[in-house]
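As a plain string of letters, each chain reads:
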Amino acid sequence: MNIAAIFAGGRGVRMGSGIPKQFLEIHGKPVLVHTLELFQEHDMIDKIYISVLEEYIGRTQKLVKRYDLDKVVSIIPGGETAQDSIYNALKEIEKENADDSIVLLHDGVRPFVSYDTIRQNIESVQEHGNAITCTACFETILLSKDGDKVDSVPYRKNTFAAQAPQSFYLKDIIAAHDEVRAINPTYEDMVDACTIMTTLGKEVNMIPGNRGNIKVTTPEDVYMFRALLNYKENEQTFGIGLTNGIR
């Protein structure tokens, strides 16, 4: 089984919209639906699990029905943190699927991951055991402990931005979560699965992502999302290199 675990449990404080950003409607659909449709329509994805705020489970169920997202098999309450929400989804997946199933962890507010990126995630897990979607950094990255003074500047050629999906065999990612939860139950400084794995000394493999795979977090991101949708609709003229094969 190839399973998409979509975590959409955030409250969207930085967006300032009054509702979680994943439920904002853009071009007539909530951001979450735009994301889900990418996995619904992908021929290598078998099932979708969604983790959302408990009070939004009913709304999510209605969206799944309205948009005929029949690969969605379960909607799970989120947790206190993003990693708690992911863990809840993983434990639900564990109940119903083999431990060698491939799980693609993906933000509910990343609605522009390409078809090929999803495919390459699955193939990388099959070949190497995991996959971290990344893009090369085109701007200089600064390291600073206090946010006021620059401590160091890594070589740009060695810097990459981690995106999603981040993909693993089910048994491996659950084991990593269990190990971290035993020593760091609040997931302090654990921002994603890549951080968890590298903290535990695990080797992780990178695959190239598409640069249009933005995370909709701030009002500026909404403007970018709208622009990308317009590019997608006119891709032959405008969108080459941005949507990068999104179907």
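Everything quoted here is computed from the prediction, not taken from an experiment. (Residues numbered from 1 in each chain as written. Predicted model: local features only at pLDDT ≥ 70, side-chain atom pairs only at ≥ 80, totals over all residues. Heavy atoms only, no water.)

Trainee: Looking at this structure, how should I read the packing of aromatic side chains?
Mentor: Two aromatic rings are characterised by how far apart their centres lie and by the angle between their planes. Tallied over the full model, the rule gives one aromatic pair. If you follow Arg59 out to its NZ or CZ, it ends over the ring of Phe23, 5.6 Å from the centre. Across from the ring centre of Tyr87, 3.9 Å away, lies the NZ or CZ of Arg181, which sits over that ring. (Phe/Tyr/Trp six-rings, centres within 6.5 Å; stacked < 30°, edge-to-face > 60°. Lys NZ or Arg CZ within 6 Å of the ring centre and 35° of its normal.)

Trainee: Quick question: what am I supposed to make of the environment of Gly209 here?
Mentor: By the element assignment, Gly209 lies in the loop between strand 9 (206–208) and helix 7 (219–233). As a C-alpha pair, Gly209 and Ile118 span 91 residues in sequence and 9.1 Å in three-dimensional space. Leaving out residues up to four positions away in the same chain, Gly209 has contacts with Thr117, Thr133, Cys134, Thr135 and Gln163. (Helix = DSSP H or I, 4+ residues; strand = E, 2+ residues; numbered from the N terminus. Contact = heavy atoms within 4.5 Å.)

Trainee: Honestly, unusual backbone geometry in this entry has me stumped. Any pointers?
Mentor: Residues apart from glycine generally show negative phi values, whereas peptide bonds are mostly found in trans. Residue Pro165 is bonded to the preceding Ala164 through a cis peptide linkage, with omega at 10 degrees. Notably, His27 is not glycine yet its phi reads approximately 55 degrees, a positive angle. By the secondary structure assignment, His27 is in the loop between strand 2 (25–26) and strand 3 (29–30). In the Ramachandran plot, Tyr187 falls in the positive-phi region, its phi being about 60 degrees despite a non-glycine side chain. Locating Tyr187 in the fold gives a position in the loop between helix 5 (170–183) and helix 6 (193–199). With a relative accessible area of 4%, Tyr187 lands in the buried category. (Buried < 20%, exposed > 50% of the residue type's maximum accessible area, 1.4 Å probe, protein only.)

Trainee: What is the right way to read the side chain of Asn2 from this model?
Mentor: Mapped onto the elements, Asn2 comes out in strand 1 (residues 2–8). Polar contacts involving the side chain of Asn2 include one to the main-chain carbonyl oxygen of Met44, which spans 2.8 Å. When sequence neighbours within four positions are dropped, the list of residues in contact with Asn2 reads Met44, Ile45, Asp46, Lys47, Ile102 and Ile122. (Polar contact = N/O pair within 3.5 Å; in protein donor to acceptor, adjacent residues only side chain to side chain.)

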